[in-house]
Each structure stands twice: as C-alpha cells, then as structure tokens.
Amino acid sequence: EAGVAQSPRYKIIEKRQSVAFWCNPISGHATLYWYQQILGQGPKLLIQFQNNGVVDDSQLPKDRFSAERLKGVDSTLKIQPAKLEDSAVYLCASSWGQVFKEKLFFGSGTQLSVL
Amino acid sequence: DQQVKQNSPSLSVQEGRISILNCDYTNSMFDYFLWYKKYPAEGPTFLISISSIKDKNEDGRFTVFLNKSAKHLSLHIVPSQPGDSAVYFCAASATGTSYDKVIFGPGTSLSVIP
C-alpha cells in the first residue's frame, strides 16, 4: 500500500512570497489533514477535510493560508504572503474515517524556511 | 493553552532497560489517547492507543497505562532497543465535542544507548 505522498520535500522562500504544498493521500482514505509542526512543538491541526468538504479549519490563519481538496483526493495548502513565523514542517495525513477511531497516516512533510 | 503536556523533552535509556515516557492532559473531555513515533525526516507513525474505558493496553514491547483521575498516561517500552530512538508524541481527542480532533503534545526525544 503506497503511503501519503507530499511535495516538495524542502522549500526556502523570502518573507512575503507565496508557497504551495501538495499532498496525495492513501487511496480510499476519506479524511485528509494538514498539520503544522514548529520546531520543538507537536503537530498542530490546520485543516481537516472529509472527502472534499472542510470539517475543521478553526486553527487555519485564513488571512494568509488556504487549502483545497480537489475531487476528494489530492490537496494543496497555500501560504500567501509568508511570514517568518510560518517556518515549520507541514505534514499531511490521511485516515479511513473518523479521527477519534482511526489512526492517522502521515507523509514525510514539507520543511519550509521563510527568510 | 497546552492541553497535552510532555514535560520531559528528552530521555536516555540503556539498551535492554525499560523506557517510561510520560504525558499529562488537562481536558477531562479527552477519551481517546494515542502515541506516535517520529524518526528524523519522516512523518509520525502510529504506535499504540488506549480508550478511556481501559487503564492498560499492550502491544508487544509497548504498553500504555492510563490514570484518568490523575489525567496522566505513560508509555512503557520493555526492553528498549536502539531502533526505538525517536521522538514520541502523546496525543488525545474527545469524541463528539469541539475537541474531536487529535491534539498532540510537544514530544519526548528518546535515545536508547547500546
């Protein structure tokens, strides 16, 4: 079974630039998550999709972050404009169904450095 | 407001001995707990979970203990192996509430010394 695919692996940008991350979940997984992990902290949920609908985006800074999940499969997360404090690893995860029952499968993440 | 706490940023243990990783939580609504393990440059992988209706769950060398009255859980690894060296995240969720999502602690970095 192929795992969660993410790209790019690394990204370095200047502040105020824009950046986009891509995620392809495990085939058949209905739920997709984007997490932000700042160095020394645990992953923090940014947005959760159930198929192509948003279930939870309460912690997504909507003035600069946006995400979509096309046709309930792939997803992109965009930051525009980036700030220094956005430097983090962005993790995509997927699961079969409801988060409290199902374990999450994570991708390797995209490490973003904002200079 | 850190709802899931792992107060030990790092832990070193000799190979073959027991590793005990601790986790405390503040939200009494949490009813499902998970441990994830993360190697450098990889995403976290699920290790073991426990529901609040239990006080212990075992899977091979890994055992998780839950003390609801103390809002405390611990992960025991016996015996510890060098391949267990990783960052361990404690996570929690609360079914059917606004916390019905996985909230992670900051992690504990475990080093198992050969």
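In what follows, the accompanying structure is described. (Residues numbered from 1 in each chain as written. Chains lettered and ligands numbered in written order. Predicted model: local features only at pLDDT ≥ 70, side-chain atom pairs only at ≥ 80, totals over all residues. Heavy atoms only, no water.)

## Some remarks on the packing of aromatic side chains
Consideration 1: A complete count under the given rule lists 12 aromatic pairs over all chains for this structure.
Consideration 2: Here Y35 of chain A and F104 of chain B contribute two aromatic rings whose centre-to-centre distance is 5.5 Å and whose plane-to-plane angle is 90 degrees, an arrangement assigned as edge-to-face. One end of the pair, Y35 of chain A, is in strand β4 (residues 31-37); the other, F104 of chain B, is in strand β10 (residues 103-104), on a second chain. Taken as a pair, Y35 of chain A and F104 of chain B share a single burial class, namely buried.
Consideration 3: An angle of 40 degrees between the planes, with centres 6.4 Å apart, marks the rings of F65 of chain A and Y90 of chain A as tilted. With F65 of chain A in strand β7 (residues 65-69) and Y90 of chain A in strand β9 (residues 88-95), the pair connects residues that are 25 residues apart, well separated along the chain.
Consideration 4: Following the ring pairs from residue to residue traces out a cluster consisting of Y33, Y35 and F106 of chain A together with Y36, F46, F89 and F104 of chain B.
Consideration 5: It is R9 of chain A that lies over the ring of Y10 of chain A; its NZ or CZ is 5.3 Å from the centre. (Phe/Tyr/Trp six-rings, centres within 6.5 Å; stacked < 30°, edge-to-face > 60°. Helix = DSSP H or I, 4+ residues; strand = E, 2+ residues; numbered from the N terminus. Buried < 20%, exposed > 50% of the residue type's maximum accessible area, 1.4 Å probe, protein only. Lys NZ or Arg CZ within 6 Å of the ring centre and 35° of its normal.)

## Re the interface of chain A and chain B
Consideration 1: At the junction of the two partners, chain A supplies 20 residues and chain B supplies 17 residues.
Consideration 2: Summing both sides of the interface, chain A and chain B together bury roughly 1,500 Å²; the carbon and sulfur share of this comes to 60%.
Consideration 3: For the interface between chain A and chain B, the tally reads 0 salt bridges.
Consideration 4: Applying the counting criterion to the chain A and chain B interface returns 3 residue pairs in polar contact (both at pLDDT 80 or more).
Consideration 5: Here the side of chain A that touches chain B is composed, by residue class, of 8 nonpolar, 8 polar and 4 charged. (Contact = heavy atoms within 4.5 Å. Buried area = accessible area lost by both parts, 1.4 Å probe. Salt bridge = Lys/Arg side-chain N within 4 Å of Asp/Glu carboxyl O. Polar contact = N/O pair within 3.5 Å; in protein donor to acceptor, adjacent residues only side chain to side chain. Nonpolar A, V, L, I, M, F, W, Y, C, P; charged D, E, K, R; others polar.)

## Examining the nonpolar core
Consideration 1: Grouped together as the largest cluster of nonpolar side chains are 25 residues, with contacts concentrated most on F30, F33, W35, L73, L75 and Y88 of chain B.
Consideration 2: Contributions of two or more residues to this core are made by β3 (19-25), β4 (32-38), β5 (45-51), β7 (62-67), β8 (72-77), β9 (86-93) and β11 (108-113) of chain B.
Consideration 3: Ranked by residues supplied to this core, first place goes to β9 of chain B with 4 residues.
Consideration 4: Other than its neighbours up to four places away in sequence, L73 of chain B contacts L21, N22, C23, Y25, F33, W35, V64, F65, L66 and C90 of chain B.
Consideration 5: Membership of the second largest hydrophobic core comes to 21 residues, among which are V4, W34, L46 and F65 of chain A. (Core = buried A, V, L, I, M, F, W, Y, C linked by side-chain atoms within 4.5 Å.)

## Some words on a nonpolar patch on the surface
All names here are of chain B.
Consideration 1: Together, I18, I20 and V78 line one region of the surface with nonpolar side chains, adding up to about 230 Å² of accessible area.
Consideration 2: Looking at the secondary structure, you find I20 in strand β3.
Consideration 3: A residue is classified by how much of its surface remains accessible, and I20, at 37% relative accessible area, is partly exposed. (Patch = residues over 30% accessible without salt bridge, like charges linked within 9 Å, V, L, I, M, F, W, Y side chains within 5 Å. Areas by Shrake-Rupley, 256 points an atom, 1.4 Å probe, with all protein chains shown as cover.)

## Section: the state of the cysteines
Residues and elements named next belong to chain A.
Consideration 1: One pass over the full model with this rule turns up 2 disulfides over all chains.
Consideration 2: For C23, the disulfide goes to C92, at an S-S distance of 1.9 Å. An S-S torsion of about -70 degrees defines the bridge between C23 and C92 as left-handed. With C23 in strand β3 (residues 19-24) and C92 in strand β9, this pair connects stretches of sequence that are 69 residues apart. (Disulfide = S-S within 2.5 Å.)

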